[in-house]
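Letter by letter, the chains look like this.
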Amino acid sequence: MIIFTARIPKRRLLAGASAALCCVFAVLAFALTLGGRAVAASAEVKNVRDNDDRLAYLNGLGWQTSSQPIATEELLIPEEFDESYTGYLQLQADQGFDLTQYKGRRVKRYTYQLTNYPTQDEPVQISLLIYKNRVVGGQIQSSSGSFLHGLVLPQPATGPQSSPSPSQTAAGHAF
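The notes below deal with the structure included here.

## A few points about the overall build of the chain
Step number 1: Regarding its fold elements, the chain presents four helices and five strands.
Step number 2: In the chain, the order of α-helices and β-strands from amino to carboxyl end is α-α-β-α-β-β-β-β-α.
Step number 3: The buried share among the 175 residues of the chain stands at 34%.
Step number 4: Across the chain, the fraction of contacts at a sequence separation of at least 24, relative to all contacts at a separation of at least 6, is 61%.

## Focus on the sheet that holds strand β1 (residues 71–76)
Backbone-to-backbone hydrogen bonds pair the strands of a sheet. The strands run either parallel or antiparallel.
Step number 1: Read across the sheet, five strands follow the order β1-β2-β3-β4-β5 without closing on themselves; strand pairing throughout is antiparallel. The two strands at the open ends of the sheet, each matched to only one other strand, are β1 and β5 (148–149).
Step number 2: Where β1 meets strand β2 (residues 106–113), six bridges bridge the pair, whose relative direction is antiparallel. Residue T72 lies in a different strand from β2, and its bridge partner there is Y110.

## What to know about the packing of aromatic side chains
Step number 1: Tallied over the full model, the rule gives four aromatic pairs.
Step number 2: Look at W63 and Y117: their rings are 5.8 Å apart centre to centre, the planes differ by 10 degrees, and that puts the pair in the stacked class. Residue W63 is located in the loop between α2 (51–60) and β1, and its partner Y117 is located in the loop between β2 and β3 (124–131); the two are separated by 54 residues in the primary sequence. An identical accessibility class is assigned to W63 and Y117; each is buried.
Step number 3: Between F81 and Y85, the aromatic rings sit 5.2 Å apart at their centres with planes inclined by 70 degrees, giving edge-to-face as the arrangement. Of the two residues, F81 and Y85, both sit in the buried class.

## Let's talk about the pattern of salt bridges
Step number 1: For the structure shown, the criterion picks out two salt bridges.
Step number 2: The partner of E73 in a salt bridge is R109, with the nearest N and O atoms 2.8 Å apart. Of this pair, E73 sits in strand β1 while R109 is found in strand β2, placing the two residues 36 residues apart along the sequence.
Step number 3: A salt bridge links E74 to R106; the nearest nitrogen and oxygen atoms lie 3.7 Å apart. In this pair, E74 is assigned in strand β1 and R106 in strand β2, connecting sequence segments 32 residues apart.

## Here's the deal with α2
Step number 1: Taken together, the buried positions of α2 are occupied by N51, R54, L55, Y57 and L58. Down the axis of α2, the buried set is contained in an arc of 160 degrees. They therefore lie on one face. Along α2, exposed side chains directed more than 90 degrees from the buried face belong to D52 and G60.
Step number 2: For α2, the secondary structure elements touched by its buried residues are β2, β3 and β4 (134–142).

Rules and cut-offs
- Residues numbered from 1 in each chain as written.
- Predicted model: local features only at pLDDT ≥ 70, side-chain atom pairs only at ≥ 80, totals over all residues.
- Heavy atoms only, no water.
- Helix = DSSP H or I, 4+ residues; strand = E, 2+ residues; numbered from the N terminus.
- Buried < 20%, exposed > 50% of the residue type's maximum accessible area, 1.4 Å probe, protein only.
- Contact = heavy atoms within 4.5 Å.
- Pairing = 2+ DSSP bridges.
- Phe/Tyr/Trp six-rings, centres within 6.5 Å; stacked < 30°, edge-to-face > 60°.
- Salt bridge = Lys/Arg side-chain N within 4 Å of Asp/Glu carboxyl O.
- Arc of directions from axis to C-beta.

Purely geometric numbers; function is a separate question.
Pasting the structure below:
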């Protein structure tokens, strides 16, 4: 058995600990700075296992919803996307979701009634696409189909950002 001993003066030990602490803070600051960009680039959220997790996710985005989904559906993402999916795929990509990774997979869509949508003249719903406890997509739509947009809360002054209606973006498809 070999034992090494070293005698380190307290000043050097304190200086080394201070340097290590500074490095830790620098790494954390860097990670927090990139963290905002990482969320924008990859909006997928893991560990969304149950209704409470889905509600917490939506509340974190600033939404208030019905306590239970008004619809739960299992959808099959097609193996091949035709041009009718272009608008819908772009809507998801703009939010950091990439549905092309889930071609041929079954996802669950949970739809909730929104209760705090700005300028709510008609019923508005929010839907989440979940694959294996991971949010992989979502949208907000009016019941009448007059608008469809991403999950981000629109600014009160501008109202919803107008996007093609669901019939224009995913006509006849499961989305």
